[in-house]
Structures are given as structure tokens and as C-alpha cells.
Amino acid sequence: MTHIDAGTEVDPGHPLPAPVRAGGLTAAEVAERVARGQVNDIPVRSSRSTVEIVRANVFTRFNAIIGVLWLIMLVVAPIQDSLFGFVILANTGIGIVQEWRAKKTLDSLAVIGEARPTVRRDGAPAEVSTSEIVLDDLIEIGPGDKAVVDGVCVEADGLEIDESLLTGEADPVVKRPGDQILSGSFVVAGGGAFQATKVGREAYAAQLAEEASRFTLVHSELRSGISTILKYVTWMMIPAALGLVTTQLFVKNKDLDDSIARTVGGIVPMVPEGLVLLTSVAFAIGVIRLGRKQCLVQELPAIEGLARVDTVCLDKTGTLTEGGMDVTELRPLDGSDASYVRTVLGALGESDPRPNASLQAIIDACPVAEGWRCTESLPFSSARKYSGATLSESDGDSHTWLLGAPDVLLAPDDPALAETERLNEQGLRVLLLARAAHELDAPDVAAGARPTALVVLEQRLRPDAADTLRYFAEQNVSAKVISGDNAVSVGAVAAKLGLEGSTVDARLLPQERDGMAEALDAGTVFGRVTPQQKRDMVGALQSHGHTVAMTGDGVNDVLALKDADIGVSMGSGSEATRAVAQIVLLNNSFATLPSVVAEGRRVIGNITRVATLFLVKTVYSVLLAVLVVCWQVEYPFLPRHLTLLSTLTIGVPAFFLALAPNKERARPHFVRRVMRYSIPGGVVAAVATFLTYLIARHHYAGEGALDAETSAATLTLFLISMWVLAIIARPYTWWRIVLVASMGLGFVLVLAVPWLQDFFALKLVGQTMPWIAVGISVGAAAALEVIWKWVDRRFPA
């Protein structure tokens, strides 16, 4: 709390490393340390390296399976039966390019949002990048700043540091010269300077998990759901593939090359390889799209997570209102002199080297008088709700002053509170200037304080806040305004923005979690919330099944941001908030949030659609293999047939559908929602196709019969797959209709052009069997419509 000058004697119990100079290092000393490698050289990584991207996309379980089968087919079959391998190469290349583009976007945004600590060199402060800090640098810190290296405090002016991200202890720790400061902790009040004692990989921060701005795909319901599906697919593939190999090679005693080709033709479509690719591409393109709007997504699942959010907790200052304020009125109390009050306020403003928005407005409105000097200061703290200073006046008198929340500094029956209440109801912010009756370092310094003046401040509403709140209301996302300011004032601001609901003073909230959760569900605006309460409120909402997003820009929001499902920080916010948030709005625009929600919904909704397409193919492929083994017949397809079907009914349309607009609200239970369509769809497709194949085996005889049977089965499977695509593509728009029609025309083209018929070994023989295939397909399509509607009613998502 006491201001420490450079020459202040240091606590002998905490010796400082030499040299300690108030002016910091010289340029020569900095150069010497750089030459010795004593630099904070931990690279700021906002994404996976290019090598990691290539490795992650190439060396996958299914690429290994497909790669081995591809090499076998290149040896034993015509090139057209190896087309599936070239498709995998193209898919992998697309995945690498898109993720690399996302990496470039993340890297560039991370540089924009990177913190630049202030170091003192050659007697002057200068901002440098984190990587330019050297050993023994003197680093200045203030409210919201994060310690980026380990060090020892050498100057302290009411310095309070929160180490909760390191120790879990929420209470701020008062730091004095000689005390250790660990990287990863951040300043909640006061200011000072510390000397770097450990930099680079020796610093505590290097031992933490990789911090903000990292590229990761973990903790995503979408990704974990797909992994679960792929695990079960692998287990289904093994027995089906073994049975298929045995039947084709040993039971039927057919030509070796043809048996291998048909065996591979049965195994390849079981692998939903494009599903993982499209999920990665959809996420990567989401990052790129949001990057263009100056939104840094520090963890990719945040795109998905915000789309699942049903409650958004908003900090008023910096989110609903702009950071700046204006002093609109000064109301002296108890006959105080207005000019004297202005002088006191001016001196209070000068006493704080890092003023917050309220104090900055006072500094702008109240000039500093000559001869006034601050002898002791108490920086503002969110927990206290006031700041203070002992001022030596020009005539030699000395008084202690407090500036803060009237309802905290005054007794409940003080008449000044009635005036404050009236102003708060107009949406104005009110601070009280009071003369303290005790010394500044007394534990009850606010007790008995005499009110001197009310400072009326007007907050600047964000022009886009009302539209953003309206968007959340339309999307059934509850908005809760949580602020440290007076509840009535916050409620008035919320009302101006069209946010309806009751206003609650957080000091009256129940302490136990269930009671708090019920109060939060009932209320909309909460004032006088402490930083610890913000954290408790997030936990209470989560305990009632809510998925919670928290927005904020101040150091008092860090704990809540860290605990929320999704933390959203403003780019102009404190370094600590940016470090723990998953999403940073670099343009400081609350209006960017709907874009993030929309992007998440696009990704989740479209991947759910696309996953159904892929998994219908997996189910019918496994079931067809089982039916072939049970009937001990030749597998009806060559790889070229299923490559053609997969490309026209899944690969190409899935790519467009995965990137299409989609505003459907994200719903949980991804695996259940996908499988409830995929299993019946795959079963219908497999049974109908195999039925056609069995009828064709009785219809055709002689040389070329197997090719004719294959063509009839292929026609049936194509028509059913097209109907699945037509259902998935709903609701129709002009481009979806064009997409589905184009895929159908592609198959007609193959049947109509002789060299394509030969290339894909497809030729419909006669008229009876093709029309039987069409009839079976129509029946299967009708069955699909009935079954899927029944599934919707019987097993709602």
C-alpha cells in the first residue's frame, strides 16, 4: 500500500539480485545478455507447426488401412479399381492446405493480440515483445498485467497479485520489495516493478500447459463423438473383412486377382475416411472466416462450444458499455466547496499511475492544483469497491480521502444514498468522495467516512450492444448481466439496451449453490458482484445444467472466465483476461459474438448432416459383407463401383453441405443423433441392394452374368444413396437442388457414354432387371421416409 521509491530500503529478509538500478539495464547490458542467450526465448505458438499438420493429416489409422489396400490394388487390378487411393491423396492434401491456412490466420492474429510488457531501460520505460525480455530486466506492472517471467519485486505501490491460476488460491497476495513474483500470476490492484530472475524455459510459465493462442482439437463433443464412432467402425470392420476374404478367396475359388479386387471393394467403403477430413476442414475454415472479422479463436472447440451455450454472462463495463466515461456533474455534499472538491479529485487522479476508466474521466474533468502531493495511496480493488490516498495540501494540511461506491462507503441510512439511488435509476454511475476518519492502512479505513461530494459519470453504450442482445434472445440464449457496479444503475443501462428482467443486488444472493442457481435463473441483472461471486455464479449456473459463456475485459473477470465453458475477452482487455479466454475479440466489438455462434452452429449442424451420409455407407458396407459371407456368393462390387457411388452421393455433396450456411441451434448427443438415422438407413440400403443382387443372379446366366448382376446392384444402391442425399439436403434451396440433380446427372452420364461404361464396368443388360432395380429402390426410398419419420417421433434428439 505504501509507495516505494527507487531509493527505498529493501526488506533485509528478501535480498535482491544484483544489480538493482531504478533506471533498469543499459543498452550494452541488454546486448551482453542477448549474446549470452539469457533471453525469454520461449516461442509464442498459436498453432501446430507445418510438420505437425502434415503428420496429423497423413499418418492416420484409416489412411494406413486404405494405403495398404491401395498398393495391393495397384498390383492386382486395373487403375480404375485404384481410384479410391487417389481420392484419399486429394482428401489428405485438402486437409493439410486448409489447416495450414488456419495456422497462418491464427499466427497473424496472435501477433496482433500479443501482450507487450513495459520494461525500464536506460532510465526510460519501453514496450517490448515478451521474447525480447532479458535476465535482470526491470519490468513495470499494473492492474491487469500478467507477469511473463519469474522475478523479485523491487518497487510496490499497493501491489496486489492474484496467483489463483497457479495455486488455486483466490485471495490476492500483497507484494512488497523482495517478494517473489511468479510468471502466470497477474496484478489485481496497485502497481510496481520487478526484476526478472528466470527467463525462457527456466521460468515457471514454461512449466505450465501451453497457454493462450494454441491450436487444439481436444474437449470437443463433435471430435470425441466421431472418434467413438470410428472406434466401433474399426471393431465391425475386422470380422466383416475376415469373413469377406475367406468367402472370396477360399469358398468361391474364383480368380485370385478378381477375388482380391472384390474383397478390397467390400472393405474400402467401410472406412468413413472423409468424415474426419471434413470435420477438420470445417473447423479450419471457421477459424479463417472468424479471423477475417478480427476474432482470435485460441482453441478450436470454442467455435463449437459457443454454439452450444444457452447462457451468456456479460460484464457491463467494456461489453455493453465502451471503456470511456464522462463526468456529467459534481454534487458537493454538506456545504462542501465545489472548487476545493475538484482540486481534491484532481490530486486523487494524479496519485494513481494507472487509472481505471472512472478515474480517467475524473482526471480529464478536474485539473491538478500546484502544491498538492500524495504521501500514501490505496489503489482501487474490485473486492473493496474503493480507492484512497493521503494528500498533503498546499497549505501543509494533510487529509485521507476515499473514492468509491456510495453504498459501500456509507451507512444504509445515510441521506446521500437516496440521491445516489435516483441517479442510478437514470443509468448513471455515481462515485462518492469521502474524507476518511482513519489512517489509510487501518483495516476499517472506510468506517465513519464523511461524505463530501457525489461524482456523476455517464457511461457510453456500445452502439451494437442492443442488436447483439436481441440476437441472443431470438436464439433462446439467456443473457445475464453481472457487474460490480450498483445494481440499479446496471439495471437502467440494461433497460436502455432492451434487456428485460429483474435486477438483483448480489450481496443478497444465497450463499449455497442451489439457492444461488435458482436466483440466477429468475434474475437478469446482478450488481455489486465481487470477483469471487462471479466465479461462484458461473459454477451455480453450470450445476443446473447450463452451458455458460462469460465475457469480460477486466482483471476482476479472470476467475469467472477461467471457469466458464467458454471465456470471451475483449482485445483491449487486460493481459490476464486474454490469457485465459478461449475467444479474443480483437476489434473489441461485442457484436462479433453472433458471428462466432453462427459459425459454431454451421459447423455442428453441417457435420451432423454429413456424418449421416458417411455412416449410412459404413453400415450398408458392413452389412453387405455379412450378407455375402452368409450366402457365400461373390461380392457384388469392385472398388471402382463404390468409388463412383461414394464420390457422387457422399464425397462431392458432403463437401458443399459441410460448408453451407446453417443456423440450427446446436444440440447435444451427437453420436446418438447421427446413429439413429445411419443404422436404419444403412440397413435399408444393404437389404434392398442385396435383394436386387440375388434376383439378378437368378435372372442372368452365362458369360458376363456377374457384370450384369453388379450393374443392377449398383443402380439400386446408387438410387437409394441419392434418396438419402435428397433427405439430408433438406430444406431445399436452389443450390441444394442443383447439387443433388448434378450428382444424378453424373451417374446418367456414366451409363450413357460408352467409354465411361467400360471404365467403370457398368452396363445395364435388358429392360426387366433394371426396372426391377428401380422398383426395389422406390420401395426402399419409401421405407426410408417412413422409418426416419418414425425414428424422429420415437427417439427425439
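Definitions and cut-offs
- All residue numbers refer to position in the chain's written sequence, counted from 1.
- For a predicted model such as this one, the threshold for reporting local features is a pLDDT of at least 70, and the threshold for listing and counting side-chain atom pairs is 80 or more; totals across whole chains, interfaces and linings nevertheless cover every residue.
- To obtain the side-chain values, all non-hydrogen atoms of the structure were used and water was disregarded.
- Only one rule defines a salt bridge in this text: a Lys or Arg side-chain nitrogen within 4 Å of an Asp or Glu carboxyl oxygen.
- Strands are runs of DSSP state E lasting at least two residues, helices are runs of H or I lasting at least four, and both sets are numbered from the N terminus onward.
- Working definition: with a 1.4 Å probe on protein chains only, accessible area under 20% of the residue-type maximum means buried, over 50% means exposed, and in between means partly exposed.
- Two rings from Phe, Tyr or Trp (for Trp, the six-membered ring) form a pair when their centres are within 6.5 Å of each other. A pair whose planes differ by under 30 degrees is stacked, one over 60 is edge-to-face, and the rest are tilted.
- For a ring to carry a charge above it, either NZ of a lysine or CZ of an arginine must fall within 6 Å of the ring centroid while also lying within 35 degrees of the normal to the ring plane.
- Helix axes use the C-alpha atoms of the stretch in contact, all axes being lines fitted to C-alpha atoms, and the angles between their N-to-C directions lie in the range 0 to 180 degrees.
- The scheme is simple: roughly parallel for angles under 35 degrees, roughly antiparallel for over 145, roughly perpendicular for 65 to 115, oblique for anything else.
- Rotating anticlockwise by less than a right angle from the far helix to the near helix defines a left-handed crossing, while the corresponding clockwise rotation defines a right-handed one.
- Contact criterion: two residues are considered in contact whenever any of their non-hydrogen atoms come within 4.5 Å of each other.
- Residues enter a nonpolar core if they are buried and are Ala, Val, Leu, Ile, Met, Phe, Trp, Tyr or Cys, with the set joined through side-chain atoms within 4.5 Å.
- Under the rule applied, a polar contact is a pair of N or O atoms within 3.5 Å (in protein, one hydrogen donor and one hydrogen acceptor; residues adjacent in sequence only if both atoms are side-chain atoms).
- In this analysis, strands are considered paired if DSSP registers two or more bridges between them.
- Cavity and pocket criteria rest on a 1 Å grid covering protein atoms alone: a 1.4 Å probe that fits but cannot get out defines a cavity, protein on both sides within 12 Å along at least 5 of 7 lines defines an open pocket, and an atom within 4 Å of a point defines a lining residue.
- Grid points are joined across faces, edges and corners, and a volume is the space filled by probe spheres set on the points.
- Residues are grouped as follows: nonpolar covers Ala, Val, Leu, Ile, Met, Phe, Trp, Tyr, Cys and Pro; charged covers Asp, Glu, Lys and Arg; every other residue, Gly included, is treated as polar.

Engineer: Can you tell me about the pattern of salt bridges, naming the residues and giving the values?
Structural biologist: Summed over the entire model, instances satisfying the criterion amount to 24 salt bridges. With its nearest N and O atoms 2.9 Å apart, the salt bridge here joins Asp485 to Arg429. Remark: Arg429 occurs in strand S14 (residues 429-435) and Asp485 occurs in the loop between strand S16 (478-482) and helix H15 (487-496); sequence separation between them is 56 residues. Like Asp485, the residue Arg429 is buried in the burial classification. A salt bridge links Glu709 to Arg697, with the shortest nitrogen-to-oxygen separation between them at 4.0 Å. A residue pair is termed long-range when its members are at least 10 positions apart, and Glu709 in helix H23 (residues 705-728) and Arg697 in helix H22 (residues 670-699) qualify at twelve residues. Since its relative accessible area comes to 29%, Arg697 is described here as partly exposed.

Engineer: Break down the packing of aromatic side chains for me, with residues and values.
Structural biologist: Given two aromatic rings, their pairing is described by the distance between the two centres and the angle made by the two planes. Following the criterion strictly, the structure yields twelve aromatic pairs and no others. Considering the side-chain rings of Tyr635 and Phe637, the 6.0 Å spacing of their centres and the 75° angle between planes classify their relative orientation as edge-to-face. Taken as a pair, Tyr635 and Phe637 share a single burial class, namely buried. Pairing Phe655 with Phe656 gives two aromatic rings, centres 6.3 Å apart and planes at 90°, and the pair type is edge-to-face. On the basis of relative accessible area, Phe655 is assigned to the partly exposed category, the value being 28%. For Phe656, a relative accessible area of 46% corresponds to the partly exposed category. Pairwise contacts between aromatic rings join Tyr340, Trp372 and Trp401 into one cluster. The ring of Tyr232 carries the charged tip of Lys231 above its face, separated from the ring centre by 5.5 Å.

Engineer: Break down the packing of H22 against helix H26 (residues 768-794) for me, citing the residues and quoting the values.
Structural biologist: At a minimum axis distance of 10 Å, the contact between H22 and H26 shows a crossing angle of 160°. As summarised for this structure, H22 and H26 are arranged roughly antiparallel, according to the angle between their axes. The chirality of how H22 crosses H26 is right-handed. Residues Arg676, Tyr677, Pro680, Gly681, Val684, Ala688, Leu691, Thr692, Ile695, Ala696 and His699 of H22 form the contact with H26, whose own contacting residues are Thr768, Met769, Ile772, Ala773, Ile776, Ala780, Leu784, Ile787, Trp788, Val791 and Asp792.

Engineer: For the side chain of Lys617, give the residues involved together with the corresponding values.
Structural biologist: On the secondary structure map, Lys617 appears in helix H20 (residues 593-631). The exposure class of Lys617 is buried, given its relative accessible area of 4%. With residues up to four places along the chain from it excluded, the contact list for Lys617 reads Pro269, Val271, Glu273, Ser646 and Ile650.

Engineer: Could you give an account of the nonpolar core, naming the residues involved and the relevant values?
Structural biologist: Judged by nonpolar contacts, the single largest core of 90 residues is most densely connected at Phe84, Val610, Leu613, Phe670, Phe690 and Phe747. The leading source of residues in this core is H20, at 14 residues. Counting 38 residues, the second-largest nonpolar core is a separate cluster that includes Ala102, Ala466, Leu499 and Ile583.

Engineer: Break down the environment of Thr503 for me, with residues and values.
Structural biologist: Counting through the fold element by element, Thr503 comes out in strand S17 (residues 503-505). Taking the C-alpha atoms as reference points, Thr503 and Val481, separated by 22 residues in sequence, lie 9.3 Å from one another. Every residue in contact with Thr503, bar those within four places of it in the chain, is listed here: Ala487, Val488, Gly491 and Val525.

Engineer: Please set out helix H16 (residues 513-522) residue by residue, giving values where relevant.
Structural biologist: Those residues of H16 that sit buried are Gly515, Met516, Ala517 and Leu520. Of the surrounding secondary structure, the elements contacted by the buried residues of H16 are S16, strand S18 (525-527) and helix H17 (531-543). One side-chain oxygen of the residue at the start of H16 lies 3.3 Å from the amide nitrogen of Asp514, identifying that residue as Glu512.

Engineer: Give me the lowdown on the sheet that holds S17, citing residues and values where you can.
Structural biologist: Read from one edge of the open sheet, eight strands run S8-S21-S20-S19-S9-S16-S18-S17, paired in mixed fashion. Two strands bound the open sheet, and with one partner strand each, they are strand S8 (295-297) and S17. Pairs of neighbouring strands in the sheet enclose a mean axial angle of 20°, with direction left out of account. Looking at chain direction, S17 and S18 are connected through three bridges and run parallel.

Engineer: Please set out the environment of His699 residue by residue, giving values where relevant.
Structural biologist: Note that His699 resides in helix H22. Given the relative accessible area of 40%, His699 is considered partly exposed. Considering only alpha carbons, one finds His699 and Met769, 70 residues apart in sequence, at a separation of 7.4 Å. Here His699 is in contact with Thr768 and Met769, once residues within four sequence places are set aside.

Engineer: Can you tell me about empty space enclosed by the protein, naming the residues and giving the values?
Structural biologist: Tallied over the entire structure, the rule returns four cavities of 30 Å³ or more. Its boundaries defined by the atoms lining it, the largest cavity holds a volume of some 140 Å³. Around the largest cavity, the lining comprises 17 residues; the ones closest to its centre are Ser351, Asp352, Ser377, Leu378 and Pro379. Of all the secondary-structure elements, those providing two or more residues to the lining of the largest cavity are strand S7 (186-198), helix H10 (338-351), strand S11 (373-378) and strand S12 (386-392). A per-class count over the lining of the largest cavity returns eight nonpolar, six polar and three charged.

Engineer: Quick rundown of the environment of Ala611? Include the residues and the values.
Structural biologist: The residue Ala611 is located in helix H20 in this model. The class of Ala611 is buried, set by a relative accessible area of 0%. Separated by 417 residues in sequence, Ala611 and Phe194 place their C-alpha atoms 54 Å apart. Contact partners of Ala611, with chain neighbours within four places excluded, come to Leu275, Phe670, Val674 and Ser678.

Engineer: I'd like to hear about helix H14 (residues 465-474), residue by residue, with values.
Structural biologist: Those residues of H14 that sit buried are Ala465, Ala466, Thr468, Leu469, Tyr471 and Phe472. In this structure, the buried residues of H14 make contact with strand S9 (311-314), S16 and H20. Following H14 by one or two positions, Asn476 adopts a phi angle in the positive range, close to 60°.

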